[in-house]
Amino acid sequence: ATRGGGGIYFGNAEGTASWPVSFTLGDNVQVVKNSADATDSSGGGGVYFNGSHPSDNFTLAGSAVIADNTTAKNGGGIYFNARLGGGNVRLAGGTLSGNNATENGGGLFFRQLVDSAYVGAVSLSGTSVLSNGAASGGGLYLHLGKDFANAGAVFSMSGGALSGNKAANGAALYTYGKYTVTLRTAIAANTATGNGGGVYMSESGTLVMQSGSSLQG
């Protein structure tokens, strides 16, 4: 694709929807070896979700695989663009592996920039985020715009693994903005050439490592 969504583009190109939409990738679905040149500064080598309602939902479930996708911009595997604030990304199982972004978020890029009363949430449960790469946030990159300095977005991950991802900063996970991050997962063998081989939190935020987590080089 010359713009966003090398494999799948979902959502409204412009405007505001009157109701939320949901998109699910379930068992045995594979989004593999797609690319997005992203000449419009978007991305999403595998999937681009263009949000148009604060309650939009993207779900990856079961044995779904998003692998070996690339983009010249952000979100090698998935780009979720919460244009109007809010939005929910839920990964319950599934695998993000071998995806690459030239800029941010090799596996997943979640972006919310506008000033809104709604703040999005990203949660992973039993998901494997493996061997993805980007300049920042090799595995996952979560971006909360400057208008949300005091908002407090939420990211959580339980089970699964963040392993083998690479970036200059935040090889496994990079957050920008005031996030509360709660982890109960294995973070192992990720590589950063700069800062944060495991986790890099920019701006202010809170990191909670729960019992059952592991952090290994």
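Residues numbered from 1 in each chain as written. Predicted model: local features only at pLDDT ≥ 70, side-chain atom pairs only at ≥ 80, totals over all residues. Heavy atoms only, no water.

A word on the sheet that holds strand β10 (residues 100–101). Taken in spatial order, the three strands make up an open sheet running β4-β7-β10, and their pairing is parallel. Only two strands of the sheet have a single partner each, and these edge strands are β4 (35–36) and β10. Note: β4 against strand β7 (residues 70–71), two bridges, orientation parallel. Looking across to β7, one finds that S35 is bridged to T70. (Pairing = 2+ DSSP bridges. Helix = DSSP H or I, 4+ residues; strand = E, 2+ residues; numbered from the N terminus.)

Right, let's get into the nonpolar core. Counting residues in each nonpolar core, the largest one holds 33 residues, and the members touching the most others are L25, F58, L96, L140 and F155. In contact with L96, other than residues within four places in its own chain, are L60, I66, I78, L91, G107, L108, S128, V129, L130, N132 and L140. Core analysis: the second largest hydrophobic core is formed by five residues, Y79, F109, Y141 and Y174 among them. (Core = buried A, V, L, I, M, F, W, Y, C linked by side-chain atoms within 4.5 Å. Buried < 20%, exposed > 50% of the residue type's maximum accessible area, 1.4 Å probe, protein only. Contact = heavy atoms within 4.5 Å.)

If you walk across this open sheet you meet the seven strands as β1-β5-β8-β11-β14-β17-β20, and the pairing is parallel. Among the strands making up the open sheet, the edge pair consists of β1 (8–11) and β20 (199–202). Direction aside, neighbouring strands of the sheet carry axes that sit 5 degrees apart on average. For strand β14 (residues 140–144) and strand β17 (residues 173–176), the ladder comprises four bridges, and the chain directions are parallel. In the strand pairing of β17, L142 is matched with T175. (Axes fitted to C-alpha atoms, helices over the stretch in contact; angles between N-to-C directions.)

As enumerated under the stated definition, the model contains one salt bridge in all. In this structure, K73 engages E103 in a salt bridge whose closest nitrogen and oxygen atoms are separated by 3.6 Å. With K73 in the loop between β7 and β8 (78–82) and E103 in the loop between β10 and β11 (108–112), this pair connects stretches of sequence that are 30 residues apart. Owing to a relative accessible area of 30%, E103 belongs among the partly exposed residues under this scheme. (Salt bridge = Lys/Arg side-chain N within 4 Å of Asp/Glu carboxyl O.)

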